[in-house]
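Coordinate analysis (summary)
The primary structure of each chain is shown beneath.
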Amino acid sequence: MSSILQQKLMDISSLTSKLLRKSFGRGPESCFAYANERFLVFYIRGFLSPLESTLLENGNSDNIEISRNIIMKTVLYQLKAIIELEFEQNVESFYHDWNYPQNTGMITVQFEGEIAKQNLLNIDRPIDLTLLTDEVERISILVQKRPERTEAIFISPKIYLVQRDGILVQIEKKLIEKGYENTLMVAKDELEKLYLHHDNRFEEIFNNPVADIFVDWDFSEDRSIMCFVLK
């Protein structure tokens, strides 16, 4: 990774922490940015407010999810203009997800063009990306259906993305049309993570324990991004 890109990632991580602090009233304990191909990924630790901690203790994680989604729209709107200027590429989509019990989170930015180039073959223990896409497709079939397209992307030795296109079934499309997008998002999140965490071969594929799995959807594009963070 070039020193110029490293500096950009450090600067944008600091700025993102400040935007989160401004919008939520407190910032994360840490925020690190990683980039490869068309993707910029932020891995965030320590970002539960006292109010959210209380809600979580009382089993109200759904309320935290919905309220965060509302506030994150403002954060991402502000972040969009800054990173487009910094990386000289237009943003195609934003994704974000949070692991409340572990107090971690991710923000993934998908650009229209490439912003970085790193080679999976340069790492010591490269994984077979086909095995990763096959496993994600197997779980997708159990939960809903086989995606029309699945692609795995190496971001860093500790972070991998999987993009799925064409994943919504007809009943889900109708629920979105009827205005039940938030309810569907929460339900899909709970169901997919149940399988992702308890019925998988990811540690075998990565040759490494998995610290976090994040999932988010862009319903308008019928697309989903998964983010795997390794220990």
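Below you will find a few notes about this structure.

Rules and cut-offs
- Residue numbering note: each chain is counted from 1, following its sequence as written.
- Local features are withheld for residues below a pLDDT of 70 in this predicted model, meaning they are given only at 70 or higher, and side-chain atom pairs are given and counted only at 80 or more; totals for whole chains, interfaces and linings count all residues.
- Think of the side-chain values as coming from all heavy atoms in the structure, minus any hydrogens and water.
- Nonpolar core, defined: a set of buried Ala, Val, Leu, Ile, Met, Phe, Trp, Tyr and Cys residues in which side-chain atoms within 4.5 Å join the residues together.
- Partly exposed describes any residue whose relative accessible area lies between the buried limit of under 20% and the exposed limit of over 50%, with all areas from a 1.4 Å probe on protein chains only and scaled to the type maximum.
- In this description a helix means any DSSP run of H or I spanning at least four residues, a strand means any run of E spanning at least two, and both kinds are numbered starting from the N terminus.
- Contacts are residue-level and defined by heavy atoms, with any inter-residue pair within 4.5 Å sufficient.
- Only strands that DSSP links by at least two bridges are regarded as paired with each other.
- Working convention: axes come from line fits to C-alpha atoms, limited for helices to the stretch in contact. Angles between N-to-C directions cover 0 to 180 degrees.
- Multiplying 1.5 Å by the residue count of a helix minus one yields the expected span of that helix.
- This arc corresponds to the set of directions leading from the helix axis out to the C-beta atoms.
- For salt bridges, the criterion is a side-chain nitrogen of Lys or Arg within 4 Å of an Asp or Glu carboxyl oxygen.
- Two aromatic rings, drawn from Phe, Tyr or Trp (for Trp, its six-membered ring), form a pair once their centres lie within 6.5 Å of each other, and the interplanar angle then sorts them: stacked below 30 degrees, edge-to-face above 60, tilted otherwise.
- Definition used: whenever NZ (Lys) or CZ (Arg) falls within 6 Å of the ring centre and also within 35 degrees of the ring normal, the charge is taken to sit over that ring.
- Distance thresholds for patches are 9 Å for like charges and 5 Å for nonpolar side chains (Val, Leu, Ile, Met, Phe, Trp, Tyr), applied to residues having over 30% relative accessible area and no salt bridge.
- Surface accessibility in these figures is a Shrake-Rupley result with a 1.4 Å probe; residues are shielded only by whichever protein chains are displayed.

1. A few points about the nonpolar core
- Within the largest apolar cluster, 30 residues are counted, with the highest numbers of intra-cluster contacts made by Leu 40, Phe 42 and Ile 83.
- Going through the elements one at a time, helix H1 (3–24), strand E1 (30–36), strand E2 (39–45), helix H3 (61–87), strand E3 (91–99) and strand E4 (104–111) are the ones with two or more residues in this core.
- The leading source of residues in this core is H3, at seven residues.
- Setting aside anything within four residues of it in sequence, one finds Ile 83 in contact with Ile 12, Leu 40, Glu 88, Val 91, Phe 94, Val 109 and Phe 111.
- Judged by nonpolar contacts, the second largest core, of 25 residues, contains Leu 168, Leu 184, Trp 217 and Phe 219.

2. Describing the sheet that holds strand E5 (residues 149–156)
- Sheet architecture is open: four strands sit in the order E5-E6-E8-E7, paired in antiparallel fashion. Of all strands in the sheet, those with a lone pairing partner are E5 and strand E7 (210–218), marking the two edges. Averaged over all pairs of adjacent strands, the angle between their axes in this sheet comes to 15°, without regard to strand direction.
- On the sheet, helix H4 (residues 129–143) packs against E5, strand E6 (159–165) and strand E8 (223–230) and is oriented at approximately 130° with respect to E5.
- Here helix H6 (residues 181–198) sits on the sheet and contacts E6, E7 and E8; the angle it forms with E7, its principal contact strand, is near 145°.

3. Describing the environment of Leu 142
- Here Leu 142 shows up in helix H4.
- Other than its neighbours up to four places away in sequence, Leu 142 contacts Tyr 195 and Asp 199.

4. A short note on H1
- A rise of 1.5 Å per residue sets the reference length of H1, with its 22 residues, at 32 Å; its end C-alpha atoms lie 32 Å apart and thus fit the reference within 8%.
- For H1, the complete set of buried residues consists of Leu 5, Leu 9, Ile 12, Ser 13, Thr 16, Ser 17, Leu 19, Leu 20 and Phe 24. Buried positions in H1, seen along its axis, are confined to an arc of 165° and lie on one side of it. Opposite the buried face of H1, at more than 90 degrees from it, the exposed residues are Ser 3, Ile 4, Met 10, Lys 18 and Lys 22.

5. A few points about the pattern of salt bridges
- One pass over the structure, following the stated rule, counts 17 salt bridges.
- A salt bridge links Glu 137 to Arg 146; its shortest N-O distance comes to 2.7 Å.
- A relative accessible area of 48% means that Arg 146 is categorised as partly exposed.
- The closest approach of N and O atoms between Asp 165 and Arg 149, which form a salt bridge, is 3.2 Å. One end of the pair, Asp 165, is in strand E6; the other, Arg 149, is in strand E5, with 16 residues separating them in the sequence.
- Several salt bridges converge on common partners, so that one network encompasses Arg 38, Glu 92, Arg 149, Glu 151, Asp 165 and Arg 223.

6. A few points about the packing of aromatic side chains
- Across all of its chains, the model carries eight aromatic pairs by this definition.
- Consider the rings of Phe 47 and Trp 98, whose centres lie 5.6 Å apart with planes at 40°: the pair is tilted. Residue Phe 47 is found in the loop between E2 and helix H2 (50–57), and its partner Trp 98 is found in strand E3; the two are separated by 51 residues along the sequence.
- Feature note: the residues Phe 154, Tyr 160, Phe 202, Phe 206 and Phe 228 constitute an aromatic cluster, connected by ring pairs.
- Taking the ring centre of Phe 24 as reference, the NZ or CZ of Arg 68 above it sits at 5.8 Å.
- Its end group placed over the ring of Trp 98, Arg 68 keeps NZ or CZ at 4.5 Å from the ring centre.

7. Details of the environment of Arg 201
- Among the structural elements, Arg 201 can be located in the loop between H6 and helix H7 (202–206).
- Each C-alpha atom of the pair Arg 201 and Glu 135 lies 7.2 Å from the other, and the pair is 66 residues apart in sequence.

8. Thoughts on the pairing of E6
- The element E6 is largely enclosed, with a buried count of seven among its seven residues.
- Residue alternation in E6 divides its side chains into two sets, Ile 159, Leu 161, Gln 163 and Asp 165 and Tyr 160, Val 162 and Arg 164, and both sets are buried.
- Bridge count for E5 against E6 is seven bridges, and the pairing is antiparallel. By the bridge assignment, Arg 149 is partnered in E6 with Asp 165.
- Adjacent in sequence and paired antiparallel, E5 and E6 are bridged by two residues.

9. What about a nonpolar patch on the surface?
- A contiguous nonpolar surface patch, about 300 Å² in accessible area, is contributed by Ile 171, Leu 175 and Tyr 180.
- With a relative accessible area of 33%, Leu 175 lands in the partly exposed category.

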